[in-house]
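Inside the fold
Here is how the chains run, residue by residue.
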Amino acid sequence: MTTPHAFPNVLHERQLAVVDVEGNGQNPPEIIEIAVLLVDGSTPPDALRSWLVQPQQPVTSIVARKVHGITNADLADCPQWQEIAEEVAEALCGRTLVAHNATVERRVLAAHLPDWKPPLILDTLRLAKTVWQGLDSYALDKLIERGQLDTGSGAGQGYHRAGYDAWAAWQLLCALITDGALDWPELVVAAGLPEFLPAPEPEGGLW
């Protein structure tokens, strides 16, 4: 039986929002489930929050069957996005976003929250490729196995539900920071999306 990883010292002064979204399989995708785990400094993560959302376009049968298991019937009585958007935006405001394969979360959230401007986005997929090099797969389920991560606190949900995946991404972040013995600047370089990284120092030459 696994236990949650210890809180890394490097995160003691940081405010994070660990996020996972699930979509309806349409193009462009609509969020049908979002989970947010708030991490504030040295305090343990707050209770994980998740919302089910009724989309304008139906959930495709293939993603309902093969990905997250959420059906149109499950969403029939759920709020639409505009009813929860302000609440989600408040939860994310001013926080470093953490997600696995974070470019997906960033793209979808930016479409749903046009005014959202995160100060930093950390991607546990990028980080895993740096710390745990040479793996055959960096899919979240494979990394859960590799790190023997605790998934028992994933809001009582199964794999590829938003709450489960957000909790797993948080446990993965803790494990990778510990295994890589990373300080904050090293973490940002290893996990930050490129547009959030500081510009490289110019090489030596005439000034």
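Per an unreviewed UniProt entry, the chain carries the name DNA polymerase III epsilon subunit-like protein and comes from Nocardia transvalensis.

Side note on helix α3 (residues 81-92)
With 12 residues, α3 should reach 16 Å at 1.5 Å per residue; the first-to-last C-alpha distance of 15 Å fits that figure. Here α3 has its buried residues at W81, I84, A85, V88, A91 and L92. Down the axis of α3, the buried side of the element spans an arc of 135°, and every buried residue falls inside it. The outward face of α3, more than 90 degrees from its buried face, is lined by the exposed residues Q82, E83, E86 and E90. Looking at the buried residues of α3, the elements they touch are β1 (15-23), β2 (31-40), β3 (49-52), β4 (96-99) and α4 (102-112). Trailing α3 by a residue or two, G94 shows a phi angle of about 75°, which is positive.

Here's the deal with the sheet that holds β1
Ordered by their spatial adjacency, five strands build an open sheet running β3-β2-β1-β4-β5, and the pairing between neighbours is mixed. A strand with exactly one partner marks an edge of an open sheet, and here the two such strands are β3 and β5 (121-123). Here the average twist between neighbouring strands, direction ignored, is 25°. Packed onto the sheet, α4 meets β1, β2, β4 and β5 and runs at close to 80° relative to β1. Against the sheet, helix α5 (residues 124-131) makes contact with β4 and β5, and its axis sits at roughly 50° relative to β5, the strand it touches most.

Looking at the packing of aromatic side chains
In this structure the tally under the stated criterion is one aromatic pair. Centre to centre, the rings of F7 and W170 are 5.8 Å apart; their planes meet at 55°, and the pair counts as tilted. Pair noted here: F7 is in the segment before β1 and W170 is in helix α7 (residues 162-180), with a separation of 163 residues, a long-range link. For F7, a relative accessible area of 21% corresponds to the partly exposed category. For W170, a relative accessible area of 3% translates into the label buried. Sitting above the plane of the W184 ring, R14 keeps its charged end 3.9 Å from the centroid. The ring of W132 has R146 sitting right over it, with the charged end atom 4.3 Å from the ring centre.

Regarding the pattern of salt bridges
Counted according to the given criterion, the structure contains four salt bridges. Between E33 and R161 there is a salt bridge, and its shortest N-O distance comes to 2.8 Å. Placement of E33 in strand β2 and of R161 in the loop between α6 (140-147) and α7 is noted, with a sequence separation of 128 residues between them. Classification of E33 as buried rests on a relative accessible area of 1%. Owing to a relative accessible area of 22%, R161 belongs among the partly exposed residues under this scheme.

Describing the pairing of β4
Going residue by residue along β4, you find T96 and V98 tucked away on one face and L97 and A99 tucked away on the opposite face as well. Looking at chain direction, β1 and β4 are connected through three bridges and run parallel. What sits directly across from L16, in β4, is T96. In this sheet, β5 lies alongside β4 in parallel orientation, the contact comprising three bridges. Residue V98 lies in a different strand from β5, and its bridge partner there is L122. Crossover connection from β4 via α4 to parallel β5: handedness right-handed.

Some words on unusual backbone geometry
Cis peptide bonds are those with omega within 30 degrees of zero, and the linkage from N27 to P28 qualifies with 5°. The topology assignment puts P28 in the loop between β1 and β2. We note that N101 has phi near 60°; this positive angle belongs to a residue other than glycine. For N101, the position within the fold is in the loop between β4 and α4.

Thresholds applied
- Residues numbered from 1 in each chain as written.
- Predicted model: local features only at pLDDT ≥ 70, side-chain atom pairs only at ≥ 80, totals over all residues.
- Heavy atoms only, no water.
- Helix = DSSP H or I, 4+ residues; strand = E, 2+ residues; numbered from the N terminus.
- Expected span 1.5 Å × (residues − 1).
- Buried < 20%, exposed > 50% of the residue type's maximum accessible area, 1.4 Å probe, protein only.
- Arc of directions from axis to C-beta.
- Contact = heavy atoms within 4.5 Å.
- Pairing = 2+ DSSP bridges.
- Axes fitted to C-alpha atoms, helices over the stretch in contact; angles between N-to-C directions.
- Phe/Tyr/Trp six-rings, centres within 6.5 Å; stacked < 30°, edge-to-face > 60°.
- Lys NZ or Arg CZ within 6 Å of the ring centre and 35° of its normal.
- Salt bridge = Lys/Arg side-chain N within 4 Å of Asp/Glu carboxyl O.
- Right-handed = clockwise from strand over helix to strand, strands pointing away.

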